Amino acid sequence: MPVSELSRRTCGRSLQGVQVSASRRSGTTDELGPDEPEPDGSDLLAALLDGMDAALCAFDADGVVTHWNREAERTLGWTAAEAVGRRGFAGWAVRTADAEEVEGRLLSAMEAPGRQVNEFALLTKEGGRVLVRTQSAAVRGPDGKPAGVYCAFSEVHAQIDLERSIALSEALFADASWGVVLVDADLRPAVVNAHAARALGMGRTAVLGRPLGELLSQGVEELESALTHVLAEGAPPAPAEMWVSVRTAEGEKRRCWRSGFVRLASPLTEEPVPLGVGWLFQDVTEARQTEQEAALLRFRANQLHRAARAAAECEDPGEAATVHLDFSLAGFADHALIDRVAGGPVADGEGPVRLVRAVATPAGAPGPSLLTGKAGLPVRYAEGHPALQCVERAGSVRSGSGESTPERTREWALARQWPADSVHALCAVLRSRGRTLGVVTFLRGAGRSRFERADAMYAEDVAARIAMALDLEGLVERP
């Protein structure tokens, strides 16, 4: 038989095909005439219907059950042999009092366009009641007239679970206040919600399929390692916080994302096949920065307190100044210098001054500050040196090399009489009793960030304590 002819006969007599598969499987075969499909075709149709995840039954125009698949048997307990051939549901699958209404609503689908959705309470073979949601539609004969109706049904709670899952997915990718990204097995974004797209600085479609390295400039390795681990081992037991740098039109922005990961596996395979990773994240940058700043302030306040306690035990005020300097370096700078005004303190507005190196930290291995400048020789600072500017302004001055190569940076530091590995500098004036005593300079290497305004405030606190110690030293040494 030609394929087109087989297709025409199978499709044109869909209700009869349903009847053949159900009847033959139940052992109550009806004679259908010369147009009966080939045995292979009916077996294929029966296998397709019995393999459906939804329960399915069909009625002819008189309301007689013509098919009852295995999912319907699993849901209600009635076998195909017990169901096929019965007229309606009365007395077995529906209470007699409800049968007329249920059958009327089901068979009304033959005259209605499209599908109809209803909810009924059906009876199981054991006598229990199951609330099901049905979708019914007319089955048309070769002449186009209604020849019956099919009804697909499932338990309401299962349908509600499915609808909730779909609604949750829609809500996550539409209205969620945190980022949601589905990453495929190649670690490329497959679906991105609006919040995540804004966090990445791109449109939702522009993000799809791009390597993570094109979206993030820093933190990519850590993120990809986490995604790979989830694909191989499953979701981690707790969220992880990751610092990343996002490429945006305004430049790179450093952000902290609190991230959770779940592995996505296909429910349609016997063995779990990973489809990718669901990545959910929330921006906690401001909270983490606030926590870091608070921790830094507590540490620095503790260092000032410890320095004051230690300096109070020093008999020599000059030694107390070095104690303050040493305590201030922890977590703050790599080197520090104290330059005193040659000839003693000067009042505001006095002429240009010369500075003498008084205290310096070792330029090589770390260690306590060393007293220098016994000879009283001025430091060869060039005009415009940050330390001289600090004295002239009676305020803090920040400076940085800004050079691109280590050789140029080294030349920049040596030209200013600083250790060769210095990259960032902060000078704070030493003031006591309305006079300028000198300058304290803090230096950072290439491994640290530049000095910020909060650093300058801390340096000024340290400078005030050092200035009081040096002023006291001058009073003690005065005849």
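First things first, this report covers the structure right here in the doc. Please read these numbers as outputs of a predicted model, since none were measured by experiment.

Observations concerning the overall build of the chain
For step 1, the next point in the chain: Across its full length, the chain holds 16 helices and 18 strands.
For step 2, the next point in the chain: Out of the 479 residues belonging to the chain, those deemed buried represent 39%.
For step 3, the next point in the chain: Across the chain, contacts joining residues at least 24 apart in sequence account for 51% of those joining residues at least 6 apart.
For step 4, the next point in the chain: Working note: accessible area of the chain is about 26,000 Å², and carbon and sulfur atoms make up 53% of it.

A word on unusual backbone geometry
For step 1, the next point in the chain: With phi around 65 degrees, Leu187 is a residue other than glycine that occupies positive phi space.
For step 2, the next point in the chain: Locating Leu187 in the fold gives a position in the loop between β6 (179-184) and β7 (189-192).

Quick word on the packing of aromatic side chains
For step 1, the next point in the chain: Using the criterion set out here, one finds 13 aromatic pairs in the structure.
For step 2, the next point in the chain: Between Phe332 and Phe442 the ring centres are 5.1 Å apart and the planes differ by 80 degrees, which places this aromatic pair in the edge-to-face class. Placement of Phe332 in the loop between α13 (317-329) and β12 (335-341) and of Phe442 in strand β18 (residues 435-444) is noted, with a sequence separation of 110 residues between them.
For step 3, the next point in the chain: An aromatic cluster is present here, built from Phe59, Trp68, Trp78, Phe89, Trp92 and Phe153 joined pairwise through their rings.
For step 4, the next point in the chain: A cation over a ring is seen here: Arg444 above Phe332, with NZ or CZ 5.4 Å from the ring centre.
For step 5, the next point in the chain: Geometry around Phe451 places Arg444 over its ring, the cationic atom sitting 4.0 Å from the centre.

Looking at the side chain of His385
For step 1, the next point in the chain: You can see His385 is positioned in the loop between β15 (370-371) and α14 (386-393).
For step 2, the next point in the chain: Sequence-distant contacts of His385, defined by excluding residues within four places in its chain, comprise Arg416 and Trp418.

Some details on the environment of Leu377
For step 1, the next point in the chain: Its location among the elements puts Leu377 in the loop between β15 and α14.
For step 2, the next point in the chain: According to the relative accessible area criterion, Leu377 is exposed, its value standing at 63%.
For step 3, the next point in the chain: Distance from Leu377 to Arg354, taken between C-alpha atoms, is 9.4 Å for residues 23 residues apart in sequence.

Re the sheet that holds β6
For step 1, the next point in the chain: The six strands are arranged β7-β6-β11-β10-β9-β8 in an open sheet whose pairing can be described as antiparallel. Each end of this open sheet is capped by a strand with a single partner; those strands are β7 and β8 (216-218). Geometrically, the sheet is characterised by an average inter-axis angle of 40 degrees between neighbouring strands, direction not taken into account.
For step 2, the next point in the chain: Relative to strand β9 (residues 240-248), β8 runs antiparallel, the two sharing two bridges. By the bridge assignment, Gln218 is partnered in β9 with Ser245.
For step 3, the next point in the chain: On top of the sheet, helix α11 (residues 220-233) reaches β6, β8, β9, β10 (251-265) and β11 (274-283); it is set at about 5 degrees to β10, its chief contact.

Some thoughts on helix α12 (residues 285-311)
Because an α-helix completes one turn every 3.6 residues, residues spaced three or four positions apart along the sequence face the same direction.
For step 1, the next point in the chain: With 27 residues, α12 should cover 39 Å at 1.5 Å per step; its first-to-last C-alpha distance of 38 Å lies within 8% of that length.
For step 2, the next point in the chain: For α12, every residue scored as buried is listed here: Thr285, Arg288, Arg300, Gln303, Leu304, Ala307 and Ala311.

With respect to the pattern of salt bridges
For step 1, the next point in the chain: In this structure the tally under the stated criterion is 19 salt bridges.
For step 2, the next point in the chain: Across the pair Arg300 and Asp455 runs a salt bridge, and its minimum N-O distance is 2.8 Å. Pair noted here: Arg300 is in helix α12 and Asp455 is in helix α16 (residues 453-477), with a separation of 155 residues, a long-range link. Residues Arg300 and Asp455 agree in their burial class; the two are buried.
For step 3, the next point in the chain: Sharing partners across several salt bridges, the network here consists of Glu241, Arg258, Arg288 and Glu291.

Section: α14
For step 1, the next point in the chain: For α14, every residue scored as buried is listed here: Pro386, Ala387, Leu388, Cys390 and Val391.
For step 2, the next point in the chain: Buried residues along α14 sit against β14 (355-360), β16 (397-400), β17 (424-432) and β18.
For step 3, the next point in the chain: Trailing α14 by a residue or two, Ala394 shows a phi angle of about 55 degrees, which is positive.

Some points on the sheet that holds strand β4 (residues 129-140)
For step 1, the next point in the chain: Spatially, five strands are ordered β2-β1-β5-β4-β3 in an open sheet, and the strand pairing comes out antiparallel. Looking at strand neighbours, the two that pair on one side only are β2 (65-68) and β3 (116-123), the edges of this open sheet. For this sheet, the mean inter-axis angle between neighbouring strands, taken without regard to orientation, is 30 degrees.
For step 2, the next point in the chain: Where β3 lies against β4, eight bridges are found, and the strand directions are antiparallel. Residue pairing for β4: Gln116 is matched across the bridge by Ser136.
For step 3, the next point in the chain: With respect to the sheet, helix α6 (residues 96-107) is in contact with β1 (55-60), β3, β4 and β5 (146-155), its orientation differing from that of β3 by roughly 150 degrees.
For step 4, the next point in the chain: Helix-sheet contacts for helix α7 (residues 156-172) involve β3, β4 and β5, and the interaxial angle to β5 is about 75 degrees.

Reading the values: the criteria
- Residues numbered from 1 in each chain as written.
- Predicted model: local features only at pLDDT ≥ 70, side-chain atom pairs only at ≥ 80, totals over all residues.
- Heavy atoms only, no water.
- Helix = DSSP H or I, 4+ residues; strand = E, 2+ residues; numbered from the N terminus.
- Buried < 20%, exposed > 50% of the residue type's maximum accessible area, 1.4 Å probe, protein only.
- Contact = heavy atoms within 4.5 Å.
- Areas by Shrake-Rupley, 256 points an atom, 1.4 Å probe, with all protein chains shown as cover.
- Phe/Tyr/Trp six-rings, centres within 6.5 Å; stacked < 30°, edge-to-face > 60°.
- Lys NZ or Arg CZ within 6 Å of the ring centre and 35° of its normal.
- Pairing = 2+ DSSP bridges.
- Axes fitted to C-alpha atoms, helices over the stretch in contact; angles between N-to-C directions.
- Expected span 1.5 Å × (residues − 1).
- Salt bridge = Lys/Arg side-chain N within 4 Å of Asp/Glu carboxyl O.

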